[in-house]
Amino acid sequence: MISSVLPTYARAPLSFVKGEGSWLIEADGRRFLDLGAGIAVNALGHAHPDLVAALSEQAGALWHTSNLYEIPQQQALADRLVEHTFADTVFFTNSGTEACELAVKMARKHHYDKGAPERVEIITFDGSFHGRSAAGIAAAGSEKMTKGFGPLLGGFVHLPFGDHDALTAAINDKTCAIMVEPVQGEGGIRPLPDACLKGLRDLCDQHGILMILDEVQCGVGRTGKLFAHEWAGIGPDIMMVAKGIGGGFPLGAVLATEDAASGMTAGTHGSTYGGNPLGCAVGCVVMDTVSSPAFLAEVNRKAGLLRQKLEGLIAGHPDVFESVRGSGLMLGLKCKATNMDVVNAGYAEEIITVPAADNVIRLLPPLTITDAEIDTAVVRLSAAADALS
Ligand SMILES: *Cc1c(COP(=O)(O)O)cnc(C)c1O
């Protein structure tokens with residue numbers, strides 16, 4: 001008999017009743033060190049007092065009114081995002097995949113309104129992940145995500161990851177946009193080198209193509225910059241954001257330049273919940289915290305510490321681990337053992353990691369993780385590896 005919860009997940013037999021900073025606690029009191037952060041969502045850890053205060057205060061005042069009216073918290077968060085990024089304008093969603101939907105619509109409408117309605121093709125790359133909506137799965141294009149769900153939304157061109165010749169060959173009069181994650185998350189923590197992002201930007205400029213960056217996983221301080229593309233010194237035309245921006249409250253956004261967004265006039269898009277007072281009240285606190293240079297400097301310092309310790313872990317367990325890759329506190333351990341075995345051995349040592357493609361385990365701790373917790377994390381990962389050796 002089918003379970004009352006639609007069985008689309010193979011869940012671990014863990015169930016948490018409380019979160020405190022970098023820790024998740026089960027009913028029996030077992031404390032797990034959380035290097036998953038709800039898949040890069042709990043950027044400030046669990047139950048951060050400032051987030052709890054912002055949410056509680058808003059919950060006592062007003063939950064929802066809809067976008068038929070002004071929403072001051074939404075205005076405040078949009079102003080912060082515009083102040084700290086390339087963007088001139090922001091639309092709020094409840095998730096990453098909804099941000100993908102709008103990014104696709106916005107890019108096509110841009111060309112349509114500029115008199116080039118034939119420019120509909122969006123180039124994406126192998127191993128990418130853009131969510132589970134119709135546009136999201138068509139964008140990623142992998143058999144795993146699309147099989148049985150056709151007919152798929154058309155107009156996506158899928159290219160091998162990092163193949164410059166294939167990319168230049170794929171660009172033609174119908175090309176609308178290039179959509180890419182600066183660091184692939186689900187694809188196994190595969191960073192796009194800065195030179196590639198710069199090259200993509202140049203190519204887009206030459207051909208009047210819009211650059212859509214999916215920073216749903218790698219954004220909001222995760223790589224040690226507010227947004228990952230800042231490392232390459234470039235800016236996109238459109239950017240998808242979610243996960244960390246809500247710190248655990250469902251919140252997403254599409255950021256865009258004025259030119260890219262020029263087609264999105266009144267009535268062209270909408271969302272009942274998107275940008276509601278609860279999510280935006282929390283998002284403002286996340287932005288105020290994560291956009292501070294001192295906070296980002298700490299992320300970078302701790303990322304260096306963790307990475308150095310992981311190099312030691314790999315050297316000590318060459319039969320289990322192969323290498324570490326990634327950026328900031330978005331790290332992937334490429335495994336020699338089966339990645340799911342490593343994740344499960346971690347559970348036995350009360351540490352949480354997240355599997356990804358390419359036999360990688362992801363380490364996406366809260367950005368607030370302490371030095372002492374980094375020490376504990378590596379001790380527990382080492383114990384998990386010992387159990388597998
Ligand atoms: C998680 C993710 C999404 C989808 O976000 P949801 O909130 O799950 O819809 C899209 N793109 C990337 C890069 C992601 O990591």
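What counts and how
- Residues numbered from 1 in each chain as written.
- Predicted model: local features only at pLDDT ≥ 70, side-chain atom pairs only at ≥ 80, totals over all residues.
- Heavy atoms only, no water.
- Pairing = 2+ DSSP bridges.
- Helix = DSSP H or I, 4+ residues; strand = E, 2+ residues; numbered from the N terminus.
- Axes fitted to C-alpha atoms, helices over the stretch in contact; angles between N-to-C directions.
- Contact = heavy atoms within 4.5 Å.
- Buried < 20%, exposed > 50% of the residue type's maximum accessible area, 1.4 Å probe, protein only.
- Polar contact = N/O pair within 3.5 Å; in protein donor to acceptor, adjacent residues only side chain to side chain.
- Expected span 1.5 Å × (residues − 1).
- Core = buried A, V, L, I, M, F, W, Y, C linked by side-chain atoms within 4.5 Å.
- Domains from an automatic or database assignment.
- Near = heavy atom within 4 Å.
- Areas by Shrake-Rupley, 256 points an atom, 1.4 Å probe, with all protein chains shown as cover.
- Nonpolar A, V, L, I, M, F, W, Y, C, P; charged D, E, K, R; others polar.

Peer 1: Please set out the pairing of strand β3 (residues 31-34) residue by residue, giving values where relevant.
Peer 2: Here three bridges tie strand β2 (residues 23-26) to β3, and the two strands are oriented antiparallel to one another. Residue pairing across strands places I25 opposite R31, the latter belonging to β3. In sequence, β2 turns back onto β3 through a hairpin of four residues, with G29 there showing a positive phi of about 95°. Bridge count between β3 and strand β15 (residues 351-352): two bridges; the pairing is parallel. Each bridged residue has a counterpart across the sheet, and for D34 the counterpart in β15 is I352.

Peer 1: An account of the sheet that holds strand β16 (residues 354-356) is needed here, citing residue identities and associated values.
Peer 2: Pairing is antiparallel in the open sheet, where four strands are placed in the order β13-β14-β17-β16. Because the sheet does not close on itself, it has two edges, and the strands there are β13 (321-327) and β16. Direction aside, neighbouring strands of the sheet carry axes that sit 30° apart on average. Pairing analysis gives four bridges linking strand β14 (residues 330-335) to strand β17 (residues 360-363), with the strands arranged antiparallel. Each residue of the ladder has a partner; that of G332, found in β17, is R362. Contacting β13, β14 and β17, helix α10 (residues 293-316) crosses the sheet at an angle of about 165° to β13.

Peer 1: An account of unusual backbone geometry is needed here, citing residue identities and associated values.
Peer 2: Cis peptide bonds are those with omega within 30 degrees of zero, and the linkage from G150 to P151 qualifies with 0°. As for its placement among the helices and strands, P151 is situated in the loop between α6 (143-146) and β6 (156-159). Of note in the backbone geometry, I189 takes a positive phi value of approximately 50° without being a glycine. Of note, I189 is situated in the loop between β8 (183-184) and β9 (190-191). The phi angle at V220 is positive, at roughly 60°, despite the residue not being glycine. Mapped onto the fold, V220 is located in the loop between β10 (210-214) and β11 (238-241).

Peer 1: Give a description of the side chain of S128 that names residues and reports values.
Peer 2: Within the secondary structure, S128 is located in the loop between β5 (121-125) and α5 (134-140). Relative accessible area serves as the criterion here: at 7%, S128 is assigned to the buried category. Only 3.4 Å separates the side chain of S128 from the side chain of H130, close enough to count as a polar contact.

Peer 1: I'd like a description of the environment of L213, backed by residues and values.
Peer 2: Within the secondary structure layout, L213 lies in strand β10. On the basis of relative accessible area, L213 is assigned to the buried category, the value being 0%. The spatial distance from the C-alpha of L213 to the C-alpha of G235 is 8.9 Å, given a sequence separation of 22 residues. With residues near it in sequence (within four places) discarded, L213 still touches V180, P182, L197, H229, I234, P236, I238, M239 and M240.

Peer 1: Please give an account of helix α4 (residues 96-113) that cites residues and values.
Peer 2: When the terminal C-alpha atoms of α4 are compared, their 26 Å separation across 18 residues agrees well with the 26 Å that a helix rising 1.5 Å per residue should span. Taken together, the buried positions of α4 are G96, A99, C100, L102, A103, V104, M106, A107, R108, H110 and H111. G115 lies just past α4 and shows a positive phi near 85°.

Peer 1: Account for the nonpolar core, with residues named and values stated.
Peer 2: Within the largest apolar cluster, 79 residues are counted, with the highest numbers of intra-cluster contacts made by F92, L310, F321 and L333. For this core, the element with the most residues is α10, which contributes eight residues. Taken domain by domain, this core gets at least three of its residues from each of domain 1 (16-34 + 293-388) and domain 2 (50-290). Leaving out residues up to four positions away in the same chain, F92 has contacts with Q74, L77, A78, L81, L251, G252, A253, S271, G274, G275 and C280. M106, F156, C176 and A242 belong to the second-largest nonpolar core, a separate cluster that totals 24 residues.

Peer 1: Summarise the site of the ligand; cite the residues concerned and give the values.
Peer 2: All residues in the neighbourhood of the ligand are listed as S95, G96, T97, F129, H130, G131, E181, D214, V216, Q217 and K243. Here an oxygen atom of the ligand and a backbone polar atom of G96 are 2.8 Å apart. Contact with the protein chains covers 83% of the free accessible surface of the ligand, which is 380 Å². Taken together, the residues of the shell around the ligand break down into two nonpolar, six polar and three charged.

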